[in-house]
Every structure is written in structure tokens, then in C-alpha cells.
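# Residue-level structure breakdown
One-letter residues, chain by chain:
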Amino acid sequence: MVGVALSDERLAELAALLVEVPGVTAVLLGGSRARGTHTPDSDTDLGVYYHRPLDVAALGELARLVGGPAARVTAVGEWGPWVDGGGWLTVDGAAVDWIYRDLDRVGRAWTDAEQGRYAFHAQTGHPLGVPDFAYAGEVALGVVLADPAGELAALRDRMGAYPPALAEALVAGLWEADFLVGLARKAVTRGDAAYVAGCLFRLVGVCVHALHGAAGRWLVNEKGAVAAAAALPGAPPRFREQVEAVFTAVDGDPVHLTAVLDAAADLVLETADACAMMTR
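Notes on the structure in this doc start here. Fair warning: this is a prediction, and the values are worked out from it, not measured in the lab. (Residues numbered from 1 in each chain as written. Predicted model: local features only at pLDDT ≥ 70, side-chain atom pairs only at ≥ 80, totals over all residues. Heavy atoms only, no water.)

## Some remarks on the layout of surface pockets
Applied cut-off: Only protein atoms enter the 1 Å grid used here. Points where a 1.4 Å probe fits but cannot escape make up a cavity, open sets with protein on both sides within 12 Å along at least five of seven lines make up a pocket, and a residue lines them when an atom lies within 4 Å of a point. Grid points are joined across faces, edges and corners, and a volume is the space filled by probe spheres set on the points. In DSSP terms, a helix is any run of H or I states spanning at least four residues, a strand is any run of E spanning at least two, and both are numbered starting from the N terminus.
Empty space within the largest pocket amounts to approximately 1400 Å³. If you trace the largest pocket, you find 45 residues lining it, with Gly31, Asp45, Val220, Asn221 and Lys223 closest to the centre. Considering each element in turn, the lining of the largest pocket owes the most residues, five residues, to strand E6 (residues 126–131). The computed volume of the second largest pocket comes to approximately 190 Å³. For the second largest pocket, the lining is made up of 15 residues, of which Phe201, Val204, Glu222, Ala225 and Val226 are closest to its centre. Elements represented by at least two residues in the lining of the second largest pocket include exactly E6, helix H9 (193–215), helix H10 (225–230) and helix H11 (239–248).

## Digging into the packing of H9 against helix H12 (residues 254–278)
For the record, the criterion: Note on method: axes are straight lines fitted to C-alpha atoms, helices fitted across the in-contact stretch only, with angles between N-to-C directions ranging 0 to 180 degrees. Comment on the angle field: the value is read as roughly parallel under 35 degrees, roughly antiparallel over 145, roughly perpendicular from 65 to 115, and oblique elsewhere. What makes two residues a contact is simply this: any of their non-hydrogen atoms within 4.5 Å. Classification used: nonpolar for Ala, Val, Leu, Ile, Met, Phe, Trp, Tyr, Cys and Pro, charged for Asp, Glu, Lys and Arg, polar for all others including Gly.
In the contact formed by H9 and H12, the axes pass within 9 Å of each other and the chain directions differ by 10 degrees. Comparing their axes, H12 and H9 come out roughly parallel. Contact residues: Ala193, Val196, Leu200, Leu203, Cys207, Ala210, Leu211, Ala214 and Ala215 in H9; Leu257, Val260, Leu261, Ala264, Val268, Thr271, Ala274, Cys275 and Met278 in H12. Partitioning the contact of H9 with H12 into residue classes produces 17 nonpolar, one polar and no charged.

## Some points on helix H8 (residues 174–185)
The condition that has to hold: To estimate the expected span of a helix, subtract one from its residue number and multiply by 1.5 Å. To sort residues, take the accessible area from a 1.4 Å probe on protein chains only and compare it with the maximum for the residue type: under 20% means buried, over 50% means exposed, and anything in between is partly exposed. This arc is built from the directions going out from the helix axis to the C-beta atoms.
For H8, spanning twelve residues, the distance from its first C-alpha to its last is 18 Å, which sits close to the expected 16 Å at 1.5 Å a residue. Every buried residue of H8 is accounted for by Leu174, Glu176, Ala177, Leu180, Val181 and Ala184. Taken end-on, H8 shows its buried residues confined to a sector of 150 degrees, consistent with a single buried face. In H8, those exposed residues whose orientation departs by more than 90 degrees from the buried face are Trp175 and Asp178. Considering only its buried residues, H8 is in contact with helix H7 (164–172), H9 and H12.

## Side note on the pairing of strand E3 (residues 86–91)
Convention followed: Strands were regarded as paired on the criterion that DSSP finds at least two bridges between them.
The pairing of E3 with strand E4 (residues 94–102) spans six bridges and is antiparallel. The residue of E4 that forms the bridge with valine 91 is alanine 94. Taking the residues between adjacent antiparallel strands as the criterion, E3 and E4 are bridged by two residues, where aspartate 92 takes a positive phi near 55 degrees.

## A word on the nonpolar core
To be explicit about the condition: Residues belong to a common nonpolar core when they are buried Ala, Val, Leu, Ile, Met, Phe, Trp, Tyr or Cys residues joined through side-chain atoms within 4.5 Å.
Counting 38 residues, the largest nonpolar core has Leu200, Leu203, Leu211 and Phe239 as its most contacted members. Secondary-structure elements contributing two or more residues to this core are H8, H9, H10, H11 and H12. Among the elements that make up this core, the one with the highest residue count is H9 (twelve residues). Among all residues touching leucine 211, those that are not within four sequence positions of it are Ala229, Leu232, Pro236, Phe239, Thr271, Ala274, Cys275 and Met278. Membership of the second largest hydrophobic core comes to 29 residues, among which are Leu6, Leu54, Leu62 and Ala71.

## As for the side chain of glutamine 242
For glutamine 242, the location among the structural elements is in helix H11. Apart from the residues within four sequence positions on either side, glutamine 242 is in contact with Pro237, Leu267 and Glu270.

Listed below in C-alpha cells is the structure:
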């Protein structure tokens, strides 16, 4: 709801109610409201951290209590393996999203990130895929609202610094961006603009994650990722403008597609150079 936000007191009350549900161990304010980058129409994202089994029936009862008789929550995993599940609620006129997070799985994602292991996982609504390290980033960037046993706080204490091994792995992952340029060139003579655009989207995603890794900054959302990368200290000059120019020029003309991919190749090189400077 535009212009409607919950007070800190109401958020604390909701969090206290949530951790009374069997299985729920902690509640985290996430998204743009936790980072202070929200707009008046931004939803309020509440991460509902749990251990299995989560009492979904009890959680549904609470959703109806605070969100009205039409409110519902999903089963665990109903929104897909990485988004998991939750509920889209309206509480006191404000849009409030409950988002499930398996705390054991979050811990494993952090361990992988510490060791420089990551992958992008196919997920509806996430065209690049969900990076598993996003689980750790959400905790690092969020605000703990309730954590009776201190489990989430203990995990967050381990996240004192961005993992150097993850930074190194994300920068090394730029090989894929370079590889995608070569793949896309094979579609130029056919004028296959859709395939080229798909390669370009993946290429840009790899670049923005490499830049965030080099800067030691968490990136947990595809939305606004290019603008966030462009704002990083040491990012290539005019990074956002270059990305936008690349996508704007995509059409079925092989001459235009060749020029687009030449510009994309330059973007990858500039990104690699910027990452090298940022990690010195």
C-alpha cells in the first residue's frame, strides 16, 4: 500500500508473535526497509527463520489474526526450492511479506560462501537464478527483530566480513561473461536477437556480481543490480549507461548485433580491470 508503513513497535509485536509459532526461531527485517533504500510503496519483508518441522497451520492462524480472514501462508517449499514460501499479507493497511528461511540451510550457504563455493539456482521470478550466498547476504544486511535463542545472532556474528574466498570466486567467474560473448556471436548471422539478449542478460549478471564481490558488498537481488554495481567505488565509469546502451541496440540486424557484442566484450574487459584494481 503506497505511503503505509508499520511502526517499529508494530514490527516488534509481529516478530514476537511469529517466534511463538512452533518451528520459528527468529525474525529478520530484510529488503529495502532494512537497508534504508525503500520508497513509500516498498513492501515490508520479514524473514521467518525456522527449523523443521515448521507449524504451517499455526502460522496460518496468526496470518489471519493479523492480516484478516483472507490471509494465507504457503507450505514449506511452495514458492520453489530457494525462495521457499511464506505469505503476502496486508497488516494495518501495509503490505507485509513473510518469507520462509530454513536456518540450517542458511548456515550451510554461509559455510559455502566462506569457502568460495556458490551457484545460481533456477527459480521462478529470478531470471539469473538465486545465488545461494544471498541467504548469507540477507542476514548480513538485515535487522534482527526477534531471536529468543540467539541462533540468528550467533550466525550473524560469524559474518563480520565479506568472505575473501567468495570475492575471489565471483571475480574469477568473469570467464563465463567472456565465454557468453563468443556463444552469442554464433547467433549473429541468423539475426537471433532473442538468444543474444539472453546471453547479454547472463553476462551482465556475472559482471555485477563480480564487481560486488571485488568491493566486498553483498548483492541479494537482481532488481536494481546494475545501478548498485555502477554506484560501487571503483566501478567502471558509465557502467550503467553502457549496459543500457547494449540492450537498447539489440535487434535482428546482424550488423547491429555484432556492434552490440563488441560493446559487451569491452564491458567485460572494463569490469575485469575494475575488479583487479578494487582487489589490490
